[in-house]
Structures are given as C-alpha cells and as structure tokens.
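# Working through the structure, step by step
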Amino acid sequence: MDRDVAPRPYNLIAELTYRCPLRCPYCSNPLSHADTRDALDAGAWGEVMRQASALGVLHVGLTGGEPSARADLEAIVAAAAGVGLFTHLVTAGVPLDADRLADLQRAGLRSVQLSIQDADPAESDRIAGTAAFQRKLEIARATRALGLPLVLNVVLHRHNLGRVREIVGLARELDAERLELANTQYHGWALANRAALLPTREQLDEAARVVAEERGRPGPEILYVLPDYFSDRPKPCMGGWGRKNVVVAPDGRVLPCQAAADLPGLEFWRVPERDLAACWNDSPGMNAFRGEAWMPEPCRSCDRRGEDFGGCRCQAFALTGDAARTDPACALAPDHHRIEAARGAGVEPLRQRGAMRN
Amino acid sequence: MKDFEAALRRIGEERYHDRHPFNVRMHEGGLGRRAIQCWVANRYYYQTRIPIKDGLILTKSPEVSFRREWVQRIHDHDGERPGEGGLELWLRLAEAVGLERDRVERLEDVLPGVRRACDAYVEFVNGHDLLESVAASLTELFAGSIMQTRIAAFEKHYAWVKPGGLDYFRSRTLQAPRDSDYGLAFVLEHAASDADRERCLAALRRKCEILWSLLDAVERATARPRLAEHALLRDEPDGSRMVVLPERAVRVAGSGVEILALCDGRRTGVDVAAAMVERHPGRAGVADDVHDFLEEMDAAGALRFEPDQD
C-alpha cells in the first residue's frame, strides 16, 4: 500500500435489498445473489448510518433492488436523517405511492431519484418487465408536490437511445431538477445482455447532438456521458476503488461498488460483525485496489492514473478474468480488442433479469 | 451579409441584458429604492470605463475619418467642459435617486463582481483588434429600445426619483442609434471573411455576457440570501461547515461560516457585507470578501436569493 490511512468516504450507498418488482435486463444486482435475503434489520441499518456519519459520510443513497420493497424503510430513513445524513431515495417507483412518500418525507427524506425505462409507456413497461410506467409518473408528480427535488434516471441502450428528446421532454414536464442519461454499464445482467443492449456509434452521436441542443433550453440539468465502450478511455469507476463511496450490500458486506460482490478471491468484511470503519479501512478486499501500487502497465506510468484510477476492476475481471488488469475500455489496454470485438458483434434478443435461469 | 446582420441582431434578442431578471423587474416596477440605488451606484463604474474603452479603440485605427467619428463618443461621455456629458448626467441620476454624489464618484459601493465585469470589457478591447472591439460595442443596437422602456418604467413606477434624473436615458435614446448605426456599418464593411464574422459574433456574445454578469452581481447584492431549500448543514471536526445539497456538498471555512450564518433571508447581500464590516472593524476588504463569497455560494447552488422589495 502506498498510503496508511483510508480516504474519507463521502457517500454511503445503502443497498437495502436485492428484491425488486422490475426485471430490467441491465439490472445491477449481481447475477449470483438473486436469492440473498435482507440480512440487516432497521436497527442494524440505523447503526450503519450512525457509523457512516461518524466516518464523515454526508450523503446516503437508499437503494437496492427496490428500497420501497422494505416495510421498514421509514425507520431507516429516520435513522439516517437523525444522524445528519442527507437522505436520497433511489427508487423504481413501485411498490411506492404518494402517501408513503409523504411518510418518508416526514421521516426525513430529502430527495428522490426515480428511474424510468423509456419515455414511451409501452416500451418502458416492456423493458421493466412489468406495467409500472403510470405509477412512476404518479410518484414523480407526488415528489414535486411534496416539494422534494426530483432526479430522473434513465438507463440508455440500443432500444431507447432514439427517444432521448422525448425523455428530456418528459423530465421537463415532470419538473425534474436533474436528468441522468446513464448509458448502460456492462456488468451483471447488462453484460449477459450486452449483444442485445449495445448501441451503435451513430445512435450515440445522435443522442449527444440532441442532448447538446436540449441543454440550451430551460429545464433540468442533463447528465450525459459517452459509454466507456465507445470513449476509448475508462471511467473513473466510483471515483476510485474504496476512495469516496462505500457500499453496504443487503447481506451486510461492505464493498467499494455494487458489482464488486461478484469478484472472486477478494475478502470483504461485513456489518454488523465488524464496525463499518474497520470494514472500510482494513478489509483486504477494500485495500486490494486502493492507491497505485496494484497497478499494472500501462496504468502505472500513465498520466491519467490519478483521474481514472485504471478504470473499473469489475469490468477488467468480467472481460479478462483478472480484476487487476487495465480496464479493457481503455484504448491503451492490452485487452482493448475485447471491447472492439463487442462493438462489432451481432445483435441478440433481450433477456429479462431472472429469465436466464429458466 | 444580410445573414450576418441578422445573426448579430439575434444575439441581442437572445442575450442582451434587457432579458436579465433584474432589468425585467426594474422595468415592471418590482425594484425597491435600495435596489435602484445599488444599481445606479454600480452602473456608474461601467459609465466611467466607457471613455477609457473608447480611447483604446481610437488607438487601434489608422483612419482619420474613423477616429473623428469615434472620438465623439468620448466627448458625449466626458462633456466638453465640467458639468456636461453622460457621466455628469449619470451623477445627477445618482442624486435624483437619493445617493451622495461624492460617494458614487469615489466608487465606494462598487461591487467586486461589477468591477470585474467592467474591467473585463476594457481588457477585452485592450486585447482584441479594432473589428472585434467595434463589434463588442454593438450592444448599442439594442440600447435605444431599452432606454425608452426604462424612461417609461421610471416615470410610471419610480415617481420618487427626482425630476431631471432621467436625462441620461433621454440623451442615450438619441446617441445610441447614431453610434450603433456607425458601428454596425463599420463591422458589416470590415468583416470580410467567415472567420472575421465569427470573431465579431463572438465579441458581441462576450459583451452580452459582461453586461449580464454585471447585473448578476447587483442582483445578488440587493437580494436576500438564505440557505438553499433542501440544504443540510454539517459541522466538520476542523471547524469548517459542509452545506450538503442533492448530489454534492460545499465546504465553507473561516469567515465563510460567519457570513453563511448571516444569510438569514432577511438581510440583503449589502446588509450581510455591512454586518461583517461592523463585526471586523479595521480589517480590509471585508465587504468585497462577502460579495465574492456570495457569488461562489450562488454558483454552487448553496444559497437562494429572494428579491428585496424595500
């Protein structure tokens, strides 16, 4: 290690459950943990919040799975708000309703991120694998009616990139403060469905053109980032491994990102068996890719190593079998040909989450 | 060429400061006396920079006919003798809105953001060629109509302004069209290539930005700041404070903590600065620090500014 003290985490990603009524084909839930039960009760989560605040965390994203699938979400929100964390609900909108959202606000909820799958109702429901679009609109309106800031999140792929303008229009109509147009990251289910989801360069260019136009008009702040499969430079995944974001998974494991649960050979520790601070500071898995000592060439001598931290460890593992290699998304990576091959591969049909077992 | 002129005019339609919320409120009668006074005192600094800017432009032209025409602007502004000219008329406006003439002339209440905006204009002209400098002056194309609007608005909404105060605006309704006609003809004639025309458009856009940011500074100082809704305050172990907002956080340290506490939604930016000056007698630059801090917090979305009605 080239550092002794772990950096301060600013953001806690609290994955309250893997349960979710939606079956999106790019779900970030790990493939291997579909049956993981919620190991932490509201009291245990409250303790996580207290320890996170003491570690210096400012924001908590309450996510999943679908966090509103938990009946004790109010108590968890109240615990987080009670220790001074900025509480942010990351929801698919089901099984939520306006009354429960008001209860959550009373408990201390400060902002809401709502996912929709498309601006087209039928397409949104098709991708979600369930009829949820109308409910999502109700939740968006209820959020604004309560005076809570709304972030709309839409995962982009081959099947909805052509409707970016309609998506921006919907975000404007719903009075979203911010629209995250998140090109699919190919992990977990998204990687299994890559050939069905990967867009064409032309689709991406057109979407970028539309976004540039829409940014000039009044409306939400628009976040749009070119996917790493097409940008030739890796993403600074999670702002660096174990650097700013701490994830607590439904089974209590403390991780640097949601997808790291699938990396073999790394030992992550769990709450409440150990303190959050110990899990963050000292677990072997958390320290495996901190700093720069682990870096191979070309990262080790690269000018950008302090900006992108060698890219995504999970993507390196998924595409090369070795989490310590340079992210193949980087044009300088020895494995970059794997990204190029995926870009040139044929298109396959979409499979919903959960459908692969059948 | 028609397209070029249309493109210049479109910049005005989209970016000229008549669309700035502060000007919109001024023209709708929504400003209080203190906001009007703040604007007059600050805009005076802009007026003082104009003859300097025009002097720089004069040095860029080898043409007698251009200089003979352009030097008229300096005479208009500075007058032929004491007690005449646009600057004098502006000082009379200052008196008419209840300001002390000397204080305005000493530039005592000029906000740092206004100073930066006006200095940026002089600096722009200093660092660019004649064509771009003249193009930047073409905001005058849009000034004639704003003066008419302003005269009507002052007569209707701000009857407390003493008679004679509006003479500056009246004088500009005649001068601005004459000046802009000349400037426009010059730019249309001398912008020979696409690259030239693009440089002219960029210069005019830059000038619009400068005028806009001047009003941003006045608006911030005259509005009443308070913590943004949804913001959460967190004390840090080192004595600094975090303003935690959706998706981000802003660290406030040192005197910023004290300034932030004064942003209670009742004081205006000017009041906050005055309160800090009172608390720290003898410390230099306190008021400017406050205004700079408010600007930073505004950019970070940490404060919300409510227009002041008094």
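Residues numbered from 1 in each chain as written. Chains lettered and ligands numbered in written order. Predicted model: local features only at pLDDT ≥ 70, side-chain atom pairs only at ≥ 80, totals over all residues. Heavy atoms only, no water.

What follows covers the domain arrangement of chain B. By a widespread convention, an interface's size corresponds to the accessible area lost as its parts come together. All names here are of chain B. Taken as a whole, chain B is organised into domain 1 (2-222) and domain 2 (225-306). The gap between the C-alpha centroids of domain 1 and domain 2 is 31 Å. Taking both partners together, domain 1 and domain 2 bury about 870 Å²; carbon and sulfur atoms supply 49% of that area. By the criterion of area lost to domain 2, the three top residues of domain 1 are Arg34, Pro112 and Arg220, representing 60% of everything that side buries. Across the salt bridge formed by Arg220 and Glu295, the nearest N and O atoms sit 3.6 Å from each other. Seen at the junction of domain 1 and domain 2, the total is 7 residue pairs in polar contact (both at pLDDT 80 or more). (Domains from an automatic or database assignment. Buried area = accessible area lost by both parts, 1.4 Å probe. Salt bridge = Lys/Arg side-chain N within 4 Å of Asp/Glu carboxyl O. Polar contact = N/O pair within 3.5 Å; in protein donor to acceptor, adjacent residues only side chain to side chain.)

To continue, consider the layout of surface pockets. Residue and element names in this part refer to chain B. Taken as a whole, the second largest pocket holds about 600 Å³ of empty space. In terms of lining residues, the second largest pocket is bounded by 27 residues, among which Cys38, Arg103, Glu108, Asp109 and Val270 are the most central. Those elements giving two or more residues to the lining of the second largest pocket turn out to be helix H3 (33-58), helix H6 (101-105), helix H11 (194-222), helix H13 (269-279) and helix H14 (286-299). Among the elements that take part in the lining of the second largest pocket, H3 stands out by supplying 6 residues, more than any other. Taken together, the residues of the lining of the second largest pocket sort by class into 14 nonpolar, 5 polar and 8 charged. (1 Å grid on protein atoms, 1.4 Å probe; cavity = no way out; pocket = protein on both sides within 12 Å on 5 of 7 lines; lining within 4 Å. Points joined across faces, edges and corners; volume = space filled by probe spheres on them. Helix = DSSP H or I, 4+ residues; strand = E, 2+ residues; numbered from the N terminus. Nonpolar A, V, L, I, M, F, W, Y, C, P; charged D, E, K, R; others polar.)

Moving on, we get to the interface of chain A and chain B. At the interface, 20 residues of chain A touch 13 residues of chain B. Where chain A meets chain B, there are 2 salt bridges. A salt bridge links Arg178 of chain A to Glu247 of chain B; the shortest N-O distance between them is 3.8 Å. One can count 8 residue pairs in polar contact (both at pLDDT 80 or more) joining chain A with chain B. (Contact = heavy atoms within 4.5 Å.)

Take the pattern of salt bridges next. Residues and elements named next belong to chain A. The full count for this structure, using the stated rule, is 68 salt bridges over all chains. Among the ionic pairs, Arg305 bridges to Glu292, the shortest N-O distance being 2.9 Å. Remark: Glu292 occurs in the loop between helix H12 (284-288) and helix H13 (305-308) and Arg305 occurs in helix H13; sequence separation between them is 13 residues. You can call Arg305 partly exposed: its relative accessible area is 28%. (Buried < 20%, exposed > 50% of the residue type's maximum accessible area, 1.4 Å probe, protein only.)

So, on to empty space enclosed by the protein. All names here are of chain B. Per the stated rule, a full pass over the model turns up 6 cavities of 30 Å³ or more. The calculated volume of the largest cavity comes to roughly 320 Å³. Along the walls of the largest cavity sit 25 residues, with Arg43, Tyr46, Ile50, Glu140 and Arg172 positioned nearest its centre. When residues of the lining of the largest cavity are traced back to their parent elements, those giving at least two are H3, helix H4 (64-78), helix H9 (143-157), helix H10 (167-190) and H11. The leading source of residues in the lining of the largest cavity is H3, at 6 residues. Of the residues belonging to the lining of the largest cavity, the class tally is 10 nonpolar, 5 polar and 10 charged.

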